[in-house]
Amino acid sequence: MGKRTCPNCKLELDPDYAFCPECGSCLDGSDAHSQSEENIAETETETDVAPEPETVEKAPEPPAPAAEPPPPVRAAPSRKAASTDPPYRIVRLARGGGQRSEYDLPNRGLVIGRVNVDISFPNDETVSPRHATLRPKGGMVELDDTGSQNGIYTRLKKDINLTEGDTFMCGDQLFRFSLRPAHFHSGDFRHYGSPQEKKVLSILTHILAEGIEGEVFPIRTSSFTIGRDEGDIRYGTDRFMSRKHTVIKKTDRGFVLSDQNSRNGTYLCRRGTLSLVDGDIFMIGRQMLRLEAVTQ
């Protein structure tokens, strides 16, 4: 290490001296003191002149965000005026060249008959003066027989069990079914009896105009067919009869009436109150009618 200089008398001394032997000045704090004085001087110099305040350019404030447009005011959905259109209509089908007609079915219902009713068929003597009433109810339509003479005939949509006295229509022919063959005299049957003939299981009677009983047919087998060109009984001149129209079958659950996909259908006579749905076909007298739902 080199010589040290006394800050007071400027005497050069060995570095081992802590004090100057000449003037007694402290050698250890000399540099720090000197440095401290220099720092103070610099500080005083800096503080003598107040620095000019810097002009800070204020950053432009960002534009205020555009106010969000208020949500569109949606008008409350207007209640659609209750439709005055009836939910159903009755269609008179053209049968045998007849004219097709349509009738609205109001909520109050309507009456079908021959005279002084909502739907009248004055020229059909098989229609009673007030034959039936129709009224919408719970998504379907109720059809009431109002004490008509001939009843209401509904088209079969599936096989149905026959009961005593049931009347049904095939083509333009009307039949009555009976489970009591002993009620009929053997002379009423078309063929002579013989020991070889099977036991009579049931009876089918052909009903003529004005309810007169016509020919009586014994049913001796488990399948009895009615048709225009084939079957146990045939009606070749009936233009509404299909080639093979209807079959009466004996099953474990009794005798069943089964339409054979005939063109004009097989109809069973009903009494009382019936429930109809869209597409059901029924007959009032000789008038063929269909219930149709009105599409909006």
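Note on numbering: residues in each chain are counted from 1, in written sequence order. Per-residue local features are limited, in this predicted model, to residues with pLDDT of at least 70; the limit for side-chain atom pairs, both in listing and counting, is 80 or more; totals at the level of whole chains, interfaces and linings are taken over all residues. Only hydrogens and water are set aside; all other atoms, that is, all heavy atoms of the structure, feed into the side-chain values.

A.B. asks: Could you give an account of the overall build of the chain, with specific residues and numbers?
C.D. replies: By the criteria applied, helices consist of DSSP H or I runs no shorter than four residues and strands consist of E runs no shorter than two, each listed in order from the N terminus. Within the chain, the regular secondary structure consists of one helix and 22 strands. For the chain, the residues scored as buried account for 36% of the 296 residues in total. We call two residues in contact when some of their heavy atoms are within 4.5 Å. Intrachain contacts of the chain at a sequence separation of at least 6 include 45% that bridge at least 24 residues. Only the protein chains shown count as cover for residues, and all accessible areas are computed by the Shrake-Rupley method using a 1.4 Å probe. About 19500 Å² of surface is accessible on the chain, with carbon and sulfur atoms providing 49% of the total. To sort residues, take the accessible area from a 1.4 Å probe on protein chains only and compare it with the maximum for the residue type: under 20% means buried, over 50% means exposed, and anything in between is partly exposed.

A.B. asks: So, the packing of aromatic side chains: which residues are in play, and what are the values?
C.D. replies: Pairing of aromatic rings covers Phe, Tyr and the six-membered ring of Trp, with a centre-to-centre limit of 6.5 Å; geometry is then stacked below 30 degrees between planes, edge-to-face above 60, and tilted otherwise. This model, assessed by the stated rule, comprises three aromatic pairs. Relative to Phe255, the ring of Phe177 lies with its centre 5.5 Å away and its plane at 55 degrees, an arrangement referred to as tilted. Linking Phe177 in strand 12 (residues 173-178) with Phe255 in strand 18 (residues 254-259), this pair joins segments that are 78 residues apart in sequence. In this structure Phe177 comes out as buried when scored by relative accessible area, which is 0%. Exposure remark for Phe255: the relative accessible area of 8% places this residue in the buried category.

A.B. asks: Before we move on, can you summarise the environment of Arg4 with the specific residues and values?
C.D. replies: Relative to the elements of secondary structure, Arg4 occurs in strand 1 (residues 4-5). Looking at Arg4, the relative accessible area reads 22%, which means it is partly exposed.

A.B. asks: Break down the nonpolar core for me, citing the residues and quoting the values.
C.D. replies: One finds Ile112, Leu134, Leu143, Phe282 and Ile284 to be the most contacted residues of the largest nonpolar core, which totals 19 residues. Secondary-structure elements contributing two or more residues to this core are strand 3 (88-92), strand 5 (110-113), strand 7 (130-137), strand 8 (140-145), strand 20 (273-276), strand 21 (281-284) and strand 22 (287-293). With residues near it in sequence (within four places) discarded, Leu134 still touches Ile90, Leu105, Gly109, Leu110, Ile112, Val141, Glu142, Leu143, Leu276 and Phe282. If you look at the next biggest cluster of nonpolar residues, it comprises 18 residues, including Leu162, Phe217, Ile226 and Ile233. Take the buried residues of types Ala, Val, Leu, Ile, Met, Phe, Trp, Tyr and Cys, join any two whose side-chain atoms come within 4.5 Å, and each joined set is a nonpolar core.

A.B. asks: Kindly report on the side chain of Ser101, identifying the contributing residues and their values.
C.D. replies: Relative to the assigned elements, Ser101 resides in strand 4 (residues 101-105). Its relative accessible area of 19% is what places Ser101 among the buried residues. Filtering out sequence-adjacent residues up to four positions away, Ser101 remains in contact with Ile90, Val91 and Arg92.

A.B. asks: Run through the sheet that holds strand 6 (residues 119-120), naming residues and quoting values.
C.D. replies: Within a sheet, neighbouring strands are paired by backbone hydrogen bonds and run either parallel or antiparallel to one another. As summarised here, the arrangement of the five strands in space is 6-5-7-8-20, forming an open sheet in which the pairing is mixed. Whereas interior strands pair on both sides, the edge strands pair on one side only; in this sheet they are strand 6 and strand 20. Any two strands with at least two DSSP bridges between them are considered paired.

A.B. asks: Which residues make up the pattern of salt bridges, and what are the values?
C.D. replies: The term salt bridge refers to a side-chain nitrogen of Lys or Arg lying within 4 Å of a carboxyl oxygen of Asp or Glu. This model, assessed by the stated rule, comprises 16 salt bridges. Between Glu292 and Arg89 there is a salt bridge, with the nearest N and O atoms lying 3.1 Å from each other. With Glu292 in strand 22 and Arg89 in strand 3, the pair connects residues that are 203 residues apart, well separated along the chain. A relative accessible area of 13% means that Glu292 is categorised as buried. For Glu142, the salt bridge identified is with Arg135, shortest N-O distance 3.1 Å. Overall, the relative accessible area of 33% leaves Arg135 in the partly exposed class. Put simply, Arg89, Arg100, Glu102, Arg290 and Glu292 are held in one network by salt bridges that share partners.

A.B. asks: Kindly report on the pairing of strand 13 (residues 202-207), identifying the contributing residues and their values.
C.D. replies: In terms of burial, strand 13 is largely enclosed, as six of its six residues are buried. Burial along strand 13 is two-sided: the residues Ser202, Leu204 and His206 and Ile203, Thr205 and Ile207 are all buried. With five bridges connecting them, strand 12 and strand 13 associate as antiparallel partners. Paired with Phe175 across the strands is His206, a residue of strand 13. Pairing of strand 13 with strand 14 (residues 213-219) involves five bridges; the strand directions are antiparallel. Looking at the pairing, Ser202 lines up with Ile219 of strand 14.

A.B. asks: Would you mind going over the sheet that holds strand 15 (residues 223-227) in detail, with residue names and values included?
C.D. replies: What the five strands build is an open sheet, ordered 10-18-17-15-16; its pairing is mixed. Strands at the two margins of the open sheet, each flanked by one partner only, are strand 10 (160-161) and strand 16 (233-234). Two strands pair when backbone bridges link them, and strand 15 and strand 16 are joined in this way by two bridges, in the parallel orientation. When the bridges of strand 16 are listed, Gly227 appears paired with Arg234.

A.B. asks: I'd like to hear about the confidence of the model for the chain, residue by residue, with values.
C.D. replies: Taken over all residues, the pLDDT of the chain has a mean of 81, while the share at 70 or more is 69%. Per-residue confidence from the prediction method is given by pLDDT, with values spanning 0 to 100. pLDDT under 50 marks residues 30-49. Its contacts with residues more than four places away, or in other chains, come to one contact.

A.B. asks: Go over the pairing of strand 17 (residues 246-251), please, and point to the residues and values.
C.D. replies: As defined by bridge partners, strand 15 adjoins strand 17 across four bridges and the pair is classed as antiparallel. Residue Ser223 lies in a different strand from strand 17, and its bridge partner there is Lys249. Examined bridge by bridge, strand 17 and strand 18 share six bridges and lie antiparallel to one another. Looking at the pairing, Thr251 lines up with Gly254 of strand 18.

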